[in-house]
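# Descriptive structure summary
Here is what each chain is made of, one letter per residue.
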Amino acid sequence: MNNFKYTSVIVRDVSDSLGEAALRMDDGPVVDMEKVRLQHKEYVRTVRSLGLKIIKMDADHSLPDSVFVEDPAVVIGTTVLLPKLGHPSRRPETNAMQKVFEGIPGMKIHKMEDIDPMATLDGGDVLFTGQEIFVGQGSRTNERGVKVLSQVFSGFKVTSIEVNGHLHLKSVCTLAADDTIILATGDDESTGIVKRLQSAATGKYKYLEVKGKSSGANCVYIESNDGPTVIHQSFSVYPQIEQAYNSLKGRKIAVDTSELSKVDGCLTCLGIFLTI
Ligand code: CIR
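Looking at an unreviewed UniProt entry, one finds the chain named Dimethylargininase, with Clavelina lepadiformis as its source organism. Its UniProt record gives the chain the following Sequence similarities (unreviewed entry) comment, quoted word for word: "Belongs to the DDAH family."

What follows is the structure, encoded as structure tokens:
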């Protein structure tokens, strides 16, 4: 299976209500919507430049967090899980997502709510390494959500990792190459998450650690026609990540989405990558 040989990506235009109403873990600086739109455009332009077809969903201004398409769908190959999102305000996001997948021939769609109405999960908690699936269990994903994920993706070993102090598992641990996981260990909580993942892992991985303030370590790993590529955050905004990414082989492209980080968005959350 060519797990990361992507052909297309689902993205969604930015909601006008993001700045005012998106969920955020901390009250912080005001979001500059013009900057958000420019950064999102640059992300889409970069992914397109890698030869991927863009499947663009219209913005929904009643759903402030809907640009973060990673959360309302988990896709491996032709199997799609539409989760019941952990936060109630985001749950309607799966409706438009379902329509998109119904329009793609060959996709097998599973709705979490039909399997277990009490289960919740966000796609940001799901780290697929090609060898196994790790799933963060914390504020958004519950034990029943983990169980449904294991049932739907029964061909893979699924291991739950307790996540505290951070929004999602992928806020701390992301795939940076087909055998490499980048780990952010900037605080006690992330160090704990990383330790739990490393001791539960059964696949063979290299680990790359980002010390100091951990935000910005999250990246997107893509095998396009041009070979493996990592899209990471800008070194000038997040100097603490530079050493780790410089030690990675292959092509690296920086895309600055730091304005979205004000509402806890990272790079993986902006796209759903498809191999079909
Ligand atoms: C939320 O709290 O749900 C959004 N403001 C941020 C979601 C980011 N999602 C992701 O990294 N997968």
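Next, the rest of the story.
This part is about the pairing of strand β11 (residues 206–210). When a strand is regular, its side chains alternate between the sheet's two faces. Where strand β10 (residues 180–184) and β11 come together, five bridges link them in parallel fashion. Pairing of isoleucine 182 across the sheet is with leucine 208, part of β11. At this point the chain moves from β10, through helix α6 (residues 188–200), to the parallel β11, and the crossover so formed is right-handed.

Taken together, the neighbourhood of the ligand is formed by 14 residues, with Asp65, Glu70, Asp71, Arg90 and Val263 sitting nearest. Glutamate 70 is positioned such that a nitrogen or oxygen atom in its side chain is 2.7 Å from a nitrogen atom of the ligand. Here arginine 140 contributes a side-chain N or O atom positioned 2.8 Å from an oxygen atom of the ligand. For the shell around the ligand, the per-class residue count stands at six nonpolar, two polar and six charged.

In this structure, threonine 174 sits in strand β9 (residues 173–177). Residue threonine 174 is classed as buried on the basis of its relative accessible area, which comes to 3%. Once you skip the residues sitting within four places of it in the chain, threonine 174 turns out to touch Leu127, Thr180, Ile181, Ile182, Ala217, Asn218, Cys219 and Thr268.

Looking now at the sheet that holds strand β15 (residues 272–274). Strand order across the open sheet formed by three strands is β2-β1-β15, with mixed pairing between neighbours. Of all strands in the sheet, those bounded by a partner on one side alone are β2 (53–57) and β15. Strand after strand, the sheet turns through a mean of 25° between neighbouring axes, direction not considered.

Per the counting criterion, the structure on display carries twelve salt bridges. Across the pair aspartate 13 and lysine 56 runs a salt bridge whose closest N-O atoms are separated by 3.3 Å. Of the two residues, aspartate 13 is situated in the loop between β1 (8–12) and α1 (18–21) and lysine 56 in strand β2; the sequence distance between them amounts to 43 residues. Residue aspartate 13 is classed as partly exposed on the basis of its relative accessible area of 27%. The class of lysine 56 is partly exposed, set by a relative accessible area of 47%. A salt bridge links lysine 35 to glutamate 259; the nearest nitrogen and oxygen atoms lie 3.8 Å apart. Within this pair, whereas lysine 35 is found in helix α2 (residues 33–49), its partner glutamate 259 is found in the loop between β14 (251–254) and β15, the two being separated by 224 residues in sequence. Given the relative accessible area of 39%, lysine 35 is considered partly exposed.

This paragraph deals with the environment of serine 247. Looking at the secondary structure, you find serine 247 in the loop between α7 (242–246) and β14. Taking the C-alpha atoms as reference points, serine 247 and leucine 208, 39 residues apart in sequence, are found 8.6 Å from one another. From its side chain, serine 247 meets the backbone oxygen of alanine 244 in a polar contact 2.7 Å long.

This next bit is on the sheet that holds β14. Overall, mixed pairing links the three strands, which are arranged β12-β13-β14 in an open sheet. Each of the sheet's edge strands pairs with one partner strand only, and the pair in question is β12 (220–224) and β14. If you compare each strand with its neighbour and ignore which way they point, the axes differ by 25° on average. Where β12 and strand β13 (residues 227–232) come together, five bridges link them in antiparallel fashion. Opposite isoleucine 222, over in β13, you have threonine 229 as the bridge partner.

Moving on, we come to the packing of aromatic side chains. One pair of aromatic rings is described through two measures. These are the centre distance and the angle between the planes. Scanning the entire structure with this criterion turns up seven aromatic pairs. With a centroid separation of 4.9 Å and 75° between ring planes, the pair formed by phenylalanine 128 and phenylalanine 156 is classed as edge-to-face. In this pair, phenylalanine 128 is assigned in strand β6 (residues 126–128) and phenylalanine 156 in the loop between α5 (143–152) and β8 (158–162), connecting sequence segments 28 residues apart. Look at phenylalanine 128 and you get buried, because its relative accessible area is 13%. Both rings, one in tyrosine 205 and one in tyrosine 207, keep their centres 6.2 Å apart while their planes meet at 55°; by these two values the pair is tilted. In textbook terms, an aromatic cluster arises when at least three aromatic residues are bridged by ring pairs, as seen for Phe4, Tyr6, Phe128, Phe156, Tyr221 and Phe273.

What counts and how
Residues numbered from 1 in each chain as written. Predicted model: local features only at pLDDT ≥ 70, side-chain atom pairs only at ≥ 80, totals over all residues. Heavy atoms only, no water. UniProt positions renumbered as here; feature names shortened; annotations may be inferred. Pairing = 2+ DSSP bridges. Helix = DSSP H or I, 4+ residues; strand = E, 2+ residues; numbered from the N terminus. Right-handed = clockwise from strand over helix to strand, strands pointing away. Near = heavy atom within 4 Å. Polar contact = N/O pair within 3.5 Å; in protein donor to acceptor, adjacent residues only side chain to side chain. Nonpolar A, V, L, I, M, F, W, Y, C, P; charged D, E, K, R; others polar. Buried < 20%, exposed > 50% of the residue type's maximum accessible area, 1.4 Å probe, protein only. Contact = heavy atoms within 4.5 Å. Axes fitted to C-alpha atoms, helices over the stretch in contact; angles between N-to-C directions. Salt bridge = Lys/Arg side-chain N within 4 Å of Asp/Glu carboxyl O. Phe/Tyr/Trp six-rings, centres within 6.5 Å; stacked < 30°, edge-to-face > 60°.

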